[in-house]
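Structural description and commentary
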Amino acid sequence: MKTLCFCMLILLFSVPMAAADDCVPGLPGNVHAQIPVKTWYKQNTLTVSWTEAAGCGSEIARYEYLWNTSEPDTTFKTDQTQAVSHELDNGSRHYFHIRTVEMNGKASSTVHLGPFYIDTALPCDINGDEKVELSDAVLAVKISCGENTENTDIQSGSGVEPGGIIGLTSAIFVLRKIAGPWPGDCLNAEEIELARLINEYRKENRLTELPVSKSLTAVAQWHVTDLFQNKPDTDGCNMHSWSDKGIWTSVCFPKETSWSKMESKPREITNNIYTGNAYEIAYGTMGQVVVADVLSDWKNSLEHNKVILQQGDWAKLGTWSAMGVGIYGGYAVAWFGVEADPQGSISACQ
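Predicted model, so just to flag it, every value in this text is computed and none were measured.

**Thoughts on the pattern of salt bridges**
Scanning all chains against the criterion turns up 11 salt bridges. A salt bridge links R99 to E64, with the shortest nitrogen-to-oxygen separation between them at 2.7 Å. Remark: E64 occurs in strand β4 (residues 60-68) and R99 occurs in strand β7 (residues 91-102); sequence separation between them is 35 residues. Its relative accessible area of 32% is what places R99 among the partly exposed residues. Linking D313 and K316 is a salt bridge whose minimum nitrogen-to-oxygen distance equals 3.1 Å. On the accessibility criterion, D313 (57% relative accessible area) is exposed. A cluster of three or more residues bridged by salt bridges with shared partners is formed by R62, E64 and R99.

Pasting the structure below:
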């Protein structure tokens, strides 16, 4: 019995205790702006609010936040739970980032919010709510069809037709504005950064930079959209799967072990403009994609890393000549192909 008790004492004292230094403050809660992300807004200042974070062994000293587009701007500090932006330029690449900092200097990880769309000259705010969305298009159609809108707030002269008349052209304008770029049209800020990081990593390993292909980016952007909207990566299917709700053949991988349905997607989606096969690596998260985390995850995965650096069996296919990237709704993918893209490289979204 004494031996047993002694052993139990040794066990109790040998259990590692969590070090106080490992404790970090909690994240700011419910971070939100007065408008949804990805909504065109006429005002060029935004207000973001959040709830207080929980401390961890020390009082919360402040919150640090910044607004940026593709490059970090000035970091601001506040002990409040609300922040008002400076006057933002017109554009669709505004982001808000915030973290908690304790008195002892320890900081939480960062919460990201965005993108926000700003256009101070934005026409077709037909209902006068300072943003342009589907409800404005519906109202424009009703007006053009002569429906009774007496009990609806309407901003006279807000249409795009001559004299500010509101008609079907205004409805079409709104629909095109809220639709955003079509897959394969351009790269957003996160996609540009992901492509840059991949090429930097390749250069570190004495490999050439890859042009960001218009065709392969179209495939990548279609796929992240499909993954987010249609969720084909469920019921035993992984992120290399495609739904049956698009301009492509559906595939559930690895239940369907035919690689041909995946690697042929560039030919299928571009209608054989891109004539070769291409190969995908994918990443998913429950929150907003942080580009640096994507590449870090791929570098730390043996098989994903081999694709980027074309090692092992991937070296037998030839030399990568094109790359495509897509980021949307918590997903990020990159495609690699041996054949050069007849459509050339893709440019940044304006």
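**Considering the side chain of T270**
Checked against the element boundaries, T270 lands in the loop between α7 (265-269) and β10 (278-284). Among the polar contacts made by the side chain of T270, one reaches the main-chain carbonyl oxygen of P266 at a distance of 2.6 Å.

**Here's the deal with the side chain of S215**
Secondary-structure assignment places S215 in helix α5 (residues 214-230). Of the residues examined, S215 reaches a relative accessible area of 0% and is grouped as buried.

**Focus: the environment of H86**
Position of H86 relative to the elements: it lies in the loop between β6 (82-84) and β7. Sequence separation of H86 and W67 is 19 residues, and the distance between their C-alpha atoms is 8.5 Å. Each residue touching H86, except ones within four places of it in the same chain, is listed here: N44, T45 and W67.

Analysis parameters
Residues numbered from 1 in each chain as written. Predicted model: local features only at pLDDT ≥ 70, side-chain atom pairs only at ≥ 80, totals over all residues. Heavy atoms only, no water. Salt bridge = Lys/Arg side-chain N within 4 Å of Asp/Glu carboxyl O. Helix = DSSP H or I, 4+ residues; strand = E, 2+ residues; numbered from the N terminus. Buried < 20%, exposed > 50% of the residue type's maximum accessible area, 1.4 Å probe, protein only. Polar contact = N/O pair within 3.5 Å; in protein donor to acceptor, adjacent residues only side chain to side chain. Contact = heavy atoms within 4.5 Å.

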